[in-house]
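Below are the chains, spelled out letter by letter.
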Amino acid sequence: MLVMLGIIGPFALQVFLPSLPGLKEEFNASYAEVQLTVSLYLLTFACAQLVYGPLADRFGRRHIILVGLAIYIIAPLICAVAGSIESLVVGRVLQAIGACAGLMFSRVVARDIYGRNRAASAIALVTMVSALIGSATPMLGGWIDVTFGWRMSFWVTSGIGVTVFVITFKWFPETQPTVASSNVFKTIQQSFQVLRSPVFLGYAGHTTCTLSAWYAMLAGLPFVMADVMGQPPTAFGAYFPLLSIGYVLGNLATVRVAQSWGIHRMIIRGTGLALIACPVMVLWCLVFDLIPLALYLPMAIITFAHGMSQPAATSGAIGVNPVVVGSATGVMGFGQWFVAAGTAQLLGVIQNGTVWPTVAVVIALTTLSMLSYFLARWGETRVLDTK
């Protein structure tokens, strides 16, 4: 059931990605205007978590999840009948509010049930299956776009939402172990106290950078494939499984060794591997013919590495204060998706007809993810020294 909740947000985003280049002609819109359907989706996804987190700590997980799923069902219908890029963007904003509930609470519930290392394994399992299913989503989106038109993807998304809502309503239990406070405003105040912790900031920063690198790939590669390499809309979906499979294998490694290795070895080894893949990607693009595999294979190594490190850092961040797990997840999620939204919009603005804007952003974020982990380790060392 956690997997089911975890996939609806990424599905709503990824099934739509192959249609992005075609929207320029459909609505006579610019790169940046079309990219708003992605960047504002991510920005709204970020902001919604700041609301969901404290509400879930105060009122429990189940009721808030059901509200989010109801929004998830309605919003795609607005997108499906959109007559302008502006109305499509509005529908996407509402869709993000609903989709946020699924992905966020799959992490919260995992942390409700398990300890730090085991939670990393559980989060990795949820992410692994979600990524495996998601690997086919852009391919499905490309096929829907070519066969039925881009609007059909939103009808499909709404139908999936109905299924998830019914299953959740009937079988999903309440998992919150304790109520943080009888006052929701006090709960919000407690949640923002985690921002004073360098441990939280470091781990959350790592997850933010790795997630933003992922969405830099998702936002940049459709335009690179279509405008730089002259590939059809289905090509992005055909190559996308390489990225998802890399992430899945990284998650699988985490599931198998997280409890024995611990989160620190997972993060160090994962991020180190990603940093090795970055110069390989640059050299391939410079020296050899510019083909899709020149980007997708090195990026698959990067996603494998992030699949190892991201669940471990997530568990470390949301476990800083067990009393406000939901709120800490919301604060972390806000930072993740806010930066991811900015990254997606930045790529829409700086596209210059080459591969280098996308490559440069992915490398910069991968480097910052290691620096963020160093901050978390420094914070943990400082805590130990004061005891």
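Residues numbered from 1 in each chain as written. Predicted model: local features only at pLDDT ≥ 70, side-chain atom pairs only at ≥ 80, totals over all residues. Heavy atoms only, no water.

(A) Representation of the overall build of the protein chain within the structure. Across its full length, the protein chain holds 14 helices and zero strands. Put simply, the protein chain runs from its N terminus to its C terminus through helices and strands in the order α-α-α-α-α-α-α-α-α-α-α-α-α-α. In the protein chain, which comprises 387 residues, the share counted as buried stands at 58%. Element-wise, carbon and sulfur atoms account for 69% of the exposed surface of the protein chain, whose accessible area totals about 14,600 Å². (Helix = DSSP H or I, 4+ residues; strand = E, 2+ residues; numbered from the N terminus. Buried < 20%, exposed > 50% of the residue type's maximum accessible area, 1.4 Å probe, protein only. Areas by Shrake-Rupley, 256 points an atom, 1.4 Å probe, with all protein chains shown as cover.)

(B) Geometry of the confidence of the model for the protein chain. Here the protein chain averages 83 in pLDDT, while 89% of its residues score no lower than 70. Ranking the helices and strands of the protein chain by mean pLDDT puts helix 12 (residues 292-318) first, with 91, and helix 9 (residues 184-192) last, with 63. (pLDDT = per-residue confidence, 0-100.)

(C) Helix 3 (residues 31-59), seen in detail. When the terminal C-alpha atoms of helix 3 are compared, their 41 Å separation across 29 residues agrees well with the 42 Å that a helix rising 1.5 Å per residue should span. Its axis deflected by about 35° at Thr-37, helix 3 carries its strongest bend there. Positioned one or two residues after helix 3, Gly-60 has a phi angle of 100°, which is positive. (Expected span 1.5 Å × (residues − 1). Bend = angle between axes of the 7 residues up to and from the residue.)

(D) Layout of the packing of aromatic side chains. Within the structure shown, the criterion is met by 13 aromatic pairs. With centroids separated by 5.4 Å and ring planes inclined at 80°, the aromatic side chains of Trp-143 and Phe-148 adopt a geometry described as edge-to-face. Taken together, a centroid distance of 6.3 Å and an interplanar angle of 10° make the contact between Phe-165 and Phe-169 stacked. A residue pair is termed a helical-turn pair when its members lie 3 or 4 positions apart in one helix, as Phe-165 and Phe-169 do in helix 8 (residues 152-171) at four residues. Through a chain of ring-to-ring contacts, the aromatic side chains of Phe-16, Phe-27, Trp-150 and Phe-154 assemble into a single cluster. Between the NZ or CZ atom of Arg-62 and the centre of the ring of Phe-169, over which it lies, the distance is 5.6 Å. (Phe/Tyr/Trp six-rings, centres within 6.5 Å; stacked < 30°, edge-to-face > 60°. Lys NZ or Arg CZ within 6 Å of the ring centre and 35° of its normal.)

(E) Representation of the environment of Ile-78. Relative to the helices and strands, Ile-78 resides in helix 4 (residues 61-80). Taking the C-alpha atoms as reference, Ile-78 lies 9.1 Å from Gln-95; in sequence the two are 17 residues apart. Not counting the four nearest positions on each side in its chain, Ile-78 is found in contact with Ser-87, Gly-91 and Leu-94. (Contact = heavy atoms within 4.5 Å.)

(F) Representation of the nonpolar core. By size, the foremost hydrophobic cluster in this structure holds 84 residues, and its most contacted members are Leu-42, Leu-88, Tyr-215 and Leu-295. Of all the elements, helix 5 (residues 85-113) adds the most residues to this core, at twelve residues. With residues near it in sequence (within four places) discarded, Leu-88 still touches Phe-16, Leu-23, Phe-27, Thr-37, Cys-79, Ala-82, Trp-150 and Phe-154. One finds Ala-110, Ala-122, Val-194 and Ala-313 within the second-largest nonpolar core, a separate group that totals 23 residues. (Core = buried A, V, L, I, M, F, W, Y, C linked by side-chain atoms within 4.5 Å.)

(G) The arrangement of the packing of helix 4 against helix 8 in detail. Two elements in contact, helix 4 and helix 8, have axes whose closest approach is 8 Å; the angle formed by their N-to-C orientations is 160°. Comparing the axis directions of helix 4 and helix 8 gives the class roughly antiparallel. For the crossing formed where helix 4 meets helix 8, the hand is left-handed. On helix 8, the residues touching Arg-62, Ile-65, Leu-66, Leu-69, Ala-70, Tyr-72, Ile-73, Pro-76, Leu-77, Cys-79 and Ala-80 of helix 4 are Phe-154, Trp-155, Thr-157, Ser-158, Gly-161, Val-162, Val-164, Phe-165, Thr-168 and Phe-169. The residue makeup of the contact of helix 4 with helix 8, split by class, is 16 nonpolar, four polar and one charged. (Axes fitted to C-alpha atoms, helices over the stretch in contact; angles between N-to-C directions. Parallel < 35°, antiparallel > 145°, perpendicular 65-115°, else oblique. Left-handed = near helix turned anticlockwise from the far one by under 90°. Nonpolar A, V, L, I, M, F, W, Y, C, P; charged D, E, K, R; others polar.)

(H) Just the side chain of Thr-343, in detail. Following the sequence through the fold, Thr-343 ends up in helix 13 (residues 325-350). At 2.8 Å, the side chain of Thr-343 forms a polar contact with the backbone oxygen of Val-339. The residues contacting Thr-343, other than those within four sequence positions of it, are Ser-212, Ala-216, Val-361 and Leu-365. (Polar contact = N/O pair within 3.5 Å; in protein donor to acceptor, adjacent residues only side chain to side chain.)

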